[in-house]
Amino acid sequence: MSLEHFLHEASSSWMNQEGPDSEIVLTSRVRLARNLKNYRFPSLFSSEEAREIVSTIQHVALNHFPDDMHAEFLKMDELKLLEKRVLVEKHLISPQLAEESNDGAVILSSDEDISIMINEEDHLRIQCLSPGLQLHETLEKAGKLDDLLESWVDYAFDETLGYLTSCPTNVGTGIRASAMVHLPGLVLTQQINQIIPAIHQLGLVVRGIYGEGSEAIGNIFQISNQMTLGKSEENIVSDLTSVIKQIIAQERSAREALMQTSNIQLEDRVYRSLGVLQNSRIIETKEAAQCLSDVRLGIDLGYIQNISKHILNELMILTQPGFLQLYAGRALRPYERDIRRATLIRERLRLEETK
Amino acid sequence: MHFTKIVNGTKTEIHLCEKCAQEKGEMFSFDWGKSFSFDNLLSGLFNFDPAIQIFKQEAAPNPDVLRCNHCGMTFNQFLNTSRFGCPHCYEAFQHQLVPILRRLHGGNIAHEGKIPARIGGAIYTKKKLAQLKEALQAAVEREEFEKAAELRDQIRALESSSLGKGGEQ
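Predicted model, so just to flag it, every value in this text is computed and none were measured. (Residues numbered from 1 in each chain as written. Chains lettered and ligands numbered in written order. Predicted model: local features only at pLDDT ≥ 70, side-chain atom pairs only at ≥ 80, totals over all residues. Heavy atoms only, no water.)

### A short note on the side chain of Ser-130 of chain A
All names here are of chain A.
At step 1: Mapping Ser-130 onto the fold places it in strand E5 (residues 124-131).
At step 2: Separated by 2.9 Å, the side chains of Ser-130 and Thr-138 make a polar contact.
At step 3: Apart from the residues lying within four places of it in its own chain, the contact partners of Ser-130 are Leu-26, Thr-27, Ser-28, Thr-138 and Lys-141. (Helix = DSSP H or I, 4+ residues; strand = E, 2+ residues; numbered from the N terminus. Polar contact = N/O pair within 3.5 Å; in protein donor to acceptor, adjacent residues only side chain to side chain. Contact = heavy atoms within 4.5 Å.)

So, in structure tokens, the structure goes:
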């Protein structure tokens, strides 16, 4: 398979679209947790209950979902391990749904901007995604799907507690709104160390989206709400948006300060990283992510002009183990993956030159 | 690489070479962390809550006495897994849940968001009525009689329409 063809097949439309503030905010995401009345939660339900839920939702999706969504219904039992892994790497399904769920399934839109997980921790997890900072629009999109589903199935809802969920951390609105942000300026100037605790104090969560624990590889962070009671969905999203706007402003001024005080050092860093990506024969995830982050910063600041911006979003996803194995067409050992990763990145950058 | 896992005082040690650790970890590295830390932390949080400890002491002779009649889950089971068994568990454990919800949601214990249109119709009307009545009270206090009259009409309209619906059902 040619790389161009592979990229076409593998990437989702949101990876190379632009949205508001997309030089810093890669994507906005909204997830709603919902459960059906009269069924036990996935922690306890029987296989029969699980299958009934799957077929009920499948029926609604087939008959009532809008045609332009081109919804695809995938059952976990019918997918190969590698196919599931690739869906996990694209954040379309969770590792939990891929590995542990009984009778789990997912509904995907053809653009891959909508995914509805069935029988994960909750019966339904409606997720919508948009490029750039568009949390309100994304909430609206998720809300419409939620309304559509609710017109055909009975949700577990309580007057005082709201939408009832399997875990008490989600009860109420069941919403998790988040934005994926690229913050190399704040990391380089070490301001991130003060900003993260401040964000936590506001009841929001910050975590590195790639890499283990709090370490953020590729300087990509995910900022999301934590509490789901006591505030409406709109207020949760407004509060999150206003915090993210402040972070964007901070990141912009950090980038400006860096250009003013250490222009040549920054340019050097950007071009060294580009050199590594263009020339290396073996590269680990972490190094690749760091170099991709530097190159993306270089594009944003105008040092590099002939490479497209979305290379960071795209290659962060496509250089993960599942995708590398899909591209190779076979299982790869970790060492082989590092070689494949280097090859894929080199070829991808060469495609930019021929454009 | 050396891992030490301590669960309820039982210590398990795992020794792996870096390569195996990478193999093992990379296979599904993401979930290791999650199921290991998040759930444990959460149930730790519940178990150390003073209100929950008092409950546990009082219930000590028969710790599984509090149980959801619909799915059979006991409150102790919930404390250990931090997952409910069914929607009715919220009702069954409602008193014990208050401190837990406060802790998780910054002191909040009530839903202020969306109400599902179809099944929530009656609840929606009720909440809207309560809001309107509050606004009416405030308007009267501020002596804004024109606004108060407007609100009173809205309340009447809403009340008569919801009564009508009730009759049909």
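### Side note on the domain arrangement of chain A
Residue and element names in this part refer to chain A.
At step 1: The domain architecture assigned to chain A consists of domain 1 (1-172) and domain 2 (257-354).
At step 2: Computed from C-alpha atoms alone, the centre-to-centre distance between domain 1 and domain 2 is 30 Å.
At step 3: Facing 19 residues of domain 1, the contacting portion of domain 2 comprises 20 residues.
At step 4: The largest per-residue losses of area from domain 1 upon contact with domain 2 belong to Leu-3, Phe-6 and Glu-89, which jointly make up 30% of the total buried on that side.
At step 5: If you look at where domain 1 meets domain 2, you find 0 salt bridges.
At step 6: Scanning the region where domain 1 abuts domain 2 turns up 5 residue pairs in polar contact (both at pLDDT 80 or more).
At step 7: At the level of secondary structure, the elements contributing two or more residues to the side of domain 1 that touches domain 2 comprise helix H1 (3-10) and helix H3 (81-89).
At step 8: Ranked by the residues each element gives to the side of domain 1 that touches domain 2, the list is headed by H1, at 5 residues.
At step 9: Its residues assigned to classes, the side of domain 1 that touches domain 2 shows 10 nonpolar, 3 polar and 6 charged. (Domains from an automatic or database assignment. Buried area = accessible area lost by both parts, 1.4 Å probe. Salt bridge = Lys/Arg side-chain N within 4 Å of Asp/Glu carboxyl O. Nonpolar A, V, L, I, M, F, W, Y, C, P; charged D, E, K, R; others polar.)

### Let's talk about unusual backbone geometry
At step 1: Notably, Asp-21 of chain A is not glycine yet its phi reads approximately 55°, a positive angle.
At step 2: Position of Asp-21 of chain A among the secondary structure elements: in the loop between H1 and strand E1 (25-34).
At step 3: On the accessibility criterion, Asp-21 of chain A (25% relative accessible area) is partly exposed.
At step 4: Despite not being glycine, Ser-82 of chain B shows a phi value in the positive range, around 55°.
At step 5: When you line up the elements, Ser-82 of chain B lands in the loop between helix H3 (75-81) and helix H4 (89-92). (Buried < 20%, exposed > 50% of the residue type's maximum accessible area, 1.4 Å probe, protein only.)

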